[in-house]
Amino acid sequence: MTVKEAYSYGVSFLSGNGVDESEFKSLCVVCHLAGISNSQFHSHQNDEIIMSRFADMLWRLKTGEPLQYVLGKWDFYDSEFYVGKGVLIPRPETEELVDLAIKHIKALGKCVVYDLCAGSGCIGVSIAKACPNATVYMIEKSREAMTYLIKNSNGIDNAKPVCADIITYKADAKADIIISNPPYIKSRDVASLQKEVLLEPVMALDGGEDGLDFYRIINDKWSGVMNDNAHLFLEIGNEQGESILDVLTNFSSINVIKDMYGNDRIVTAVKKG
């Protein structure tokens, strides 16, 4: 079957089974199998793809599996990251957090960065690649997620994956930067998330009763790991812009920044001296 024929069939199959974004998902799958980018689709329409793999991927999408897991990788910032069951899927809003942090880290030069609840490593690895003078420790508790974290950081000397719980981990080096996209969904709201999101690890979503448990850990424990005037970069839920101010008691110059959609999404702060 050609790329063009497979695309048309994929759209028909997915839409007929109630899968949303059927055109985009079919395009991503056929281009993945053809080894081309989505933008090259029109110039490779007569290429052949392996039907058995195509059928398997369509079926996985039909059952509600996230597109990113089906493809096994996803673009984030300037790189592709391996993803799959057991790891949070990188999202475009998080790229804004990374971009902001990288600008600051480049100005610092040699420094120590901790990426807490690192997941796939999309944050820490992106920083390590953009800022070779920074040593980036990526702390992740889940062994499933560690598989992807190690794979994604392979060959990047200044990216240091660490399998540990951020609650009990004892850091050797003081931090100049701490960055995190921790779980921040309220426990009672997790069950009402979209079906595809619920196939991502609950550990990476559930932030406790009010969604702020991990920010308290960062404030209470990790502020003590930071040098005076070290900077904090956090991703937050779109309803947490005000409540986060009461949590970060060990920080000053707290700034809540909106994302591309106009929602509160990023918090920057400075460790009190």
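Look up a bit, the structure's there.
These figures come from a predicted structure and were not determined experimentally.

Asker: Lay out the pattern of salt bridges with the relevant residues and their values.
Answerer: Counted under the stated rule, the structure contains eleven salt bridges. The residue K73 makes a salt bridge to E80 at a minimum N-O spacing of 3.8 Å. Owing to a relative accessible area of 26%, K73 belongs among the partly exposed residues under this scheme. Residue class for E80 comes out partly exposed when judged on its relative accessible area of 49%. Overlapping salt bridges bring together D20, K25 and E196 as one network.

Asker: Go over the side chain of S223 with me, naming the residues and quoting the values.
Answerer: Residue placement: S223 occurs in the loop between α8 (213-220) and β7 (226-235). We classify S223 as buried; its relative accessible area is 4%. The residues contacting S223, other than those within four sequence positions of it, are I218, N250, F251 and K271.

Asker: Mind laying out the packing of helix α5 (residues 92-108) against helix α6 (residues 122-130), listing which residues take part and the relevant values?
Answerer: Interaxial distance between α5 and α6 falls to 10 Å at its minimum, and their mutual angle equals 35°. Seen from above, α5 lies across α6 with right-handed handedness. Seen from α5, the contacting residues are T94, L97, V98, A101, I102, I105 and K106; seen from α6, they are I123, S126, I127 and A130. Here the residues of the contact of α5 with α6 sort into eight nonpolar, two polar and one charged.

About the thresholds
Residues numbered from 1 in each chain as written. Predicted model: local features only at pLDDT ≥ 70, side-chain atom pairs only at ≥ 80, totals over all residues. Heavy atoms only, no water. Salt bridge = Lys/Arg side-chain N within 4 Å of Asp/Glu carboxyl O. Buried < 20%, exposed > 50% of the residue type's maximum accessible area, 1.4 Å probe, protein only. Helix = DSSP H or I, 4+ residues; strand = E, 2+ residues; numbered from the N terminus. Contact = heavy atoms within 4.5 Å. Axes fitted to C-alpha atoms, helices over the stretch in contact; angles between N-to-C directions. Left-handed = near helix turned anticlockwise from the far one by under 90°. Nonpolar A, V, L, I, M, F, W, Y, C, P; charged D, E, K, R; others polar.

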